[in-house]
Structure formats: C-alpha cells, structure tokens
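Chain residues, written in single-letter form:
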Amino acid sequence: MIIDHHRVNEITRNNSKLLKSISQLFLNELPDMIKAVDTAYQQNDRQSIAKAIHRLKSALGNFVNSEYYKEFSQLEASASGMTAPVIHLNEWLSQWEKAKLDLETLVVDLKEMAGI
Amino acid sequence: MDVLIVDDDAVTRFALCSALEEWGFIPVVAENADQALEKLATETTPHLLIIDWSMPGMSGPDLCKHIREREDGQFFYILMLTGKEGNEAIIEAMEAGADDFLSKPFDHRVLKVRIAAGSRIVRLEQTLNQLASRDALTQCWNRRMIDELFANSIAESTRKHSIFSLMVIDIDHFKAVNDTYGHAAGDNALKHVVNILNINLREYDQVGRYGGEEFVVLLPATDQNEAWGVAERIRSAIQFQPTILGDDRKIDLTVSIGIAEFDRNRDANQSAFFERADKALYTAKQTGRNRIVSSD
C-alpha cells in the first residue's frame, strides 16, 4: 500500500469533506505534474526533470508512505545527475515508468479512501 | 495571527491552510516569491512566514535574503520548508535568514509546535515594539516614535505634493495641577487629555507625547484652516470636560495650541517646520492661554 492512511487522516483530521477536497485537488493537479516530468524528459533537460519530480514529490508527501517518498527523492537525485553514480537517462526512464505505475495504484487507493 | 504560506504546490498550500485554520491562525497564501513580496509590502503584512525552499523563480533562501535586507526594521519569523535533507540544507537555509527549518514530508504535530514557538516570538517582538514606541502612561506614541512618524509625513507630503499640518498642544498651568492635586492626579489628567485627543481626532491622525504636558499631533491631508477646526474641537472639549478624580473632585484644564501647515518652500527641514508650530504655541501662551494660534 503506497498510501499512508495514518498521515492522510492526520492531515485531514478524519474530516471526510476535507479528505475529499484535498484528494480531488491532488487528482486534478497530478496529470499536469506527470506531464511536466515527461516533457522535461523529452527535452533531455536533467535539471528540469529534477525540478518537475521535486514538485510532484512535494505534493505526494501529503499522501504516501516514506518508502515511496524516498523513491521519488532517489528519482530526483538521479535525474539531476548531481549524485554518484550518474545514470543514463534511459535507465532513469525505466525507474520513472515504474513510479508512474505506482502512481496509478495510488490514484485508485486515494479515490477509494476519499469516496470519489 | 496571520501566517503567510509561500509554496508553489497547491496541495501543500491546501494542507497547510486547513491545519493553520484548525490551530487558530489566519492563513494568507502566495504561490511564489513575487506574490509573497506583494503581500509583505502591505500595511497588514503577516509576520510569521512559512516558505518553501524550491519554487519557480526566486527560491526560498533568496526570498529569505530579500526579506532580511528590508530597511523598515520589521521583524519576520521565517520557517523554511524543504524536501532537502541534511545539515548542509539547514545551514544554507538559516544563513539565508530562516529562523527555523522543517523537512518535508513533515509531521503535522511537529509543524504545530514549531508554528506555536514562532508565534510566541512574533508576539514578544510586537510587545517589545509596543513598549519601545508608546508612552507608558498615556499609551499614545512616545517622542521617538512621533518624531519618526513626523519625518515620514514630511517625506510623504514632499513626494506626493500633499498638504499636511502640525499641531503642538500644551496643557496650561500643569505644574499647578501637580502641586495642588498631587502627581497621581496629574497622571490621570494627562490620560484624560489623551483620551479627549483620541476621541476628537480622525483615524489617520497621529498623537505623540513630546514632553511632560506637551503633545504633538500630525494631521495628514489637512490644511491650516481644517487644522484650526480640529484644534478648536479639542480645545473646547478639554475646557468643558474636566478630569474627574475618584473622590468626586475634578480638575479643570485648558490647553494652548500652535498650528502650522507644511510649506516646502519655507520649511527647510523637520526642525524648521516644528519651530513654526512651536512659536505659534508660544504666542498662544503669551497672549492669554486657552487659545489657538496659527503660524503666519
């Protein structure tokens, strides 16, 4: 389970209306955030990829468990190419594709939790 | 207390807003540094700030530096939020001017106590500022503050070519009040006079205690004739509303008032302008007291 129920309940204080609002806001923002990462990748711009991942990671921090959040930290670091070992962007893409599949799972879980 | 949230992520802004409202704060939001600087330029600017590190345009640390370079002496407590980890990030944030640092994803209970600590410091600073700028007895501005406001008014009037008048008020025979009724009664009389001033002045006028029984009133957007009308209202109110002491005794007071309207061609500086109003006050005293005299 990627979603951190305890954290989401803490943020929304078990308020179902608030849970629905914040989840809907995230679901509305998510496609553009994913698109920003994909666009930056197509432009082969490592710094833009890292920034786009950072923005997505920031929003995810409100919903996901620490392991999945760390995966995004790793994705951000490896995209920037600033930390060793520097991986090729093709290799980075496979990690990103896996993370996107997990995001789809998160969307399903979040919709279910929020009753959307 | 207002709290400014500066974060480009809508979800985090939403989460922070709902948490702050729950904790009794009033959230004010900005999506980037430029919006934040606009909010910080208003008169009702929040003094407790939560700033995200990574934002498009100016970054969080650069925004911190910008805020710390302000010359108006205002204090801002800055809590920096970031997805970065480690001591280097803490050092960079705090060297840029942040007061506190919290890594994302943050524990809301930790954020709550950190915000509470920040708000205590902001309140303490506001109390110190109040003590440093208000007259302890009457609670009107003290001499240092009214001098500062006076200088600002002259600068604004010069910049905008707007009219501006000054009133210097002195309570007549105040030494006799202290000698007759005692210093405690004299203090009550001073508070009574300031109360009458506050009732009879407009919201944007400023009153300061300049000396023992001498007060200065700044009247923005006011010419000499309008200032006379305000002064007469004050003079008559003080004459006909004596200070009532606890033991049914009353103190009848009168005031003398000198007025001057700022004249850029004539008043070379703040002192010269003040001197004209002060001389008018002197004339009011010399010609019988309980009267108003305008500077020529």
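Numbers given for residues are sequential positions, taken from 1 along each chain in its written order. Lettering for chains starts from A, numbering for ligands starts from 1, and both go in the order in which the items are written. Totals for whole chains, interfaces and linings use every residue, but because this is a predicted model, local features are given only for residues with pLDDT of at least 70 and side-chain atom pairs only at 80 or more, for both listing and counting. To obtain the side-chain values, all non-hydrogen atoms of the structure were used and water was disregarded.

1. Details of the UniProt feature "modified residue: Phosphohistidine" (unreviewed entry) in chain A
Reasoning step 1: Taken from the UniProt record, the annotation "modified residue: Phosphohistidine" (unreviewed entry) applies to H54(A).
Reasoning step 2: Each helix corresponds to a stretch of at least 4 residues labelled H or I by DSSP, and each strand to a stretch of at least 2 residues labelled E; elements are numbered beginning at the N terminus. If you trace the backbone, H54(A) turns up in helix 3 (residues 46-60).
Reasoning step 3: Contacts were defined at the residue level, with two residues in contact if any of their heavy atoms lie within 4.5 Å. In this structure H54(A) touches E76(A), S54(B) and G83(B), once residues within four positions along its chain are discounted. UniProt positions are given in the numbering used here, feature names are shortened, and annotations may be inferred rather than shown by experiment.

2. Details of the packing of aromatic side chains
Two aromatic rings, taken as a pair, are described by how far apart their centres are and by the angle between their planes.
All names here are of chain B.
Reasoning step 1: Only Phe, Tyr and Trp rings are paired, with Trp represented by its six-membered ring, and only when their centres lie within 6.5 Å; those with planes under 30 degrees apart are stacked, over 60 edge-to-face, the remainder tilted. Per the counting criterion, the structure on display carries 11 aromatic pairs over all chains.
Reasoning step 2: Between F150 and F273, the aromatic rings sit 5.8 Å apart at their centres with planes inclined by 50°, giving tilted as the arrangement. On the criterion of sequence distance, the pair formed by F150 in helix 6 (residues 143-160) and F273 in helix 10 (residues 270-286) is long-range, its members being 123 residues apart.
Reasoning step 3: Take F150: its relative accessible area is 1%, and that puts it in the buried class. Per-residue accessibility, obtained with a 1.4 Å probe over protein chains only, is compared with the maximum for each type, and a residue is labelled buried under 20%, exposed over 50%, and partly exposed between these values.

3. Quick notes on the environment of P56(B)
All names here are of chain B.
Reasoning step 1: Relative to the helices and strands, P56 is located in the loop between strand 3 (48-52) and helix 3 (60-68).
Reasoning step 2: For the pair P56 and V11, spaced 45 residues apart in the sequence, the C-alpha separation amounts to 16 Å.
Reasoning step 3: Once residues lying within four places of it in the same chain are set aside, the contact partners of P56 are D8 and N32.

4. Notes on the UniProt feature "domain: GGDEF" (unreviewed entry) in chain B
Reasoning step 1: When the UniProt feature table is mapped onto this chain, "domain: GGDEF" (unreviewed entry) is found at residues 162-296 of chain B.
Reasoning step 2: Here residues 162-296 of chain B is 44% helix and 24% strand, with 19 Å between the C-alpha atoms at its ends.

5. A look at the pattern of salt bridges
A side chain with one charge may pair with a side chain of the opposite charge, provided their charged atoms come close.
Reasoning step 1: Whenever Lys or Arg places a side-chain nitrogen within 4 Å of a carboxyl oxygen from Asp or Glu, that contact is recorded as a salt bridge. Inspection of every chain in the model, using the stated rule, returns 29 salt bridges over all chains.
Reasoning step 2: Note that R109(B) is salt-bridged to D107(B), the shortest N-O span being 2.7 Å.
Reasoning step 3: Residue R109(B) is classed as exposed on the basis of its relative accessible area, which comes to 57%.
Reasoning step 4: For D107(B), a relative accessible area of 25% gives the class partly exposed.
Reasoning step 5: Taken together, the salt bridges that share partners define one network made up of E10(A), D107(B) and R109(B).

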